[in-house]
Amino acid sequence: MKPACPSCGYVHLEAPTPVAGALVEREGEVLLVRPHGAEEFALVGGYPEPYETIEEAAVREVREETGLEVEVESILGSYSCDPMGRNLVLVVCVARVVGGDFRLQEEELAEGGWFPLDELPAWPEGWPLQDVFSDHGWEGNR
């Protein structure tokens, strides 16, 4: 039974927090970033703002973190971040660049850039990005 407030009936859930991720591709390359303090590269992404859709959050995060304007083409899928020890669900949007100039937002990100699809990083076993790229038909250097 889920814990509920006896006065108002509000049910507290231990549900995962959604995170919007953008799989941005161009000419055989994919955009990856590495936040400060992280060892691994990841998709550009972040938490949706109140009342923002996952697609809107993905577009905003790419703009804020890289200066690029993207258009979401589709949602690839959702992926549990439990193997990373995080109670998050990553919702991945496939996007393409439609404008802007690449500039890394250095307050949040240590590194970033375009990676050839045949030279993707090797992520730790079970991490969701392995499934993301596999679901999109890319196997990288594995």
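Above this text sits the structure in question.
Values in this document were obtained by computation on a predicted structure and should not be read as measured data.

### Remarks on the overall build of the chain
Then, in step 1: The helix and strand tally for the chain stands at two helices and six strands.
Then, in step 2: Shown N-terminal to C-terminal, the secondary structure of the chain runs as helices and strands in the order β-β-β-α-β-β-β-α.
Then, in step 3: Along the first, second and third principal axes, the C-alpha set of the chain runs to 55 × 30 × 30 Å.
Then, in step 4: A fraction of 63% describes how many contacts in the chain between residues 6 or more apart in sequence connect residues 24 or more apart.
Then, in step 5: A total of about 8,200 Å² of accessible surface is found on the chain, and carbon and sulfur atoms cover 50% of it.
Then, in step 6: Within the chain, one finds 9 positive and 28 negative side-chain charges whose respective centroids are separated by 3 Å.

### Looking at unusual backbone geometry
Then, in step 1: Even without a glycine there, the phi angle at Glu 27 is positive, about 40°.
Then, in step 2: Locating Glu 27 in the fold gives a position in the loop between strand S1 (17-26) and strand S2 (29-35).
Then, in step 3: Classification of Glu 27 as exposed rests on a relative accessible area of 79%.
Then, in step 4: Here the phi dihedral of Tyr 51 falls at roughly 65°; this positive angle occurs in a residue that is not glycine.
Then, in step 5: Among the structural elements, Tyr 51 can be located in the loop between strand S3 (44-46) and helix H1 (54-66).
Then, in step 6: For Tyr 51, a relative accessible area of 86% translates into the label exposed.

### Here's the deal with the environment of Val 59
Then, in step 1: By the secondary structure assignment, Val 59 is in helix H1.
Then, in step 2: Take Val 59: its relative accessible area is 17%, and that puts it in the buried class.
Then, in step 3: When the C-alpha positions of Val 59 and Ala 20 are compared, they lie 9.1 Å apart, and in sequence the two are 39 residues distant.
Then, in step 4: Among all residues touching Val 59, those that are not within four sequence positions of it are Val 70 and Val 72.

What counts and how
Residues numbered from 1 in each chain as written. Predicted model: local features only at pLDDT ≥ 70, side-chain atom pairs only at ≥ 80, totals over all residues. Heavy atoms only, no water. Helix = DSSP H or I, 4+ residues; strand = E, 2+ residues; numbered from the N terminus. Contact = heavy atoms within 4.5 Å. Areas by Shrake-Rupley, 256 points an atom, 1.4 Å probe, with all protein chains shown as cover. Lys, Arg positive; Asp, Glu negative; His and termini not counted. Charge placed at Lys NZ, Arg CZ, Asp CG, Glu CD. Buried < 20%, exposed > 50% of the residue type's maximum accessible area, 1.4 Å probe, protein only.

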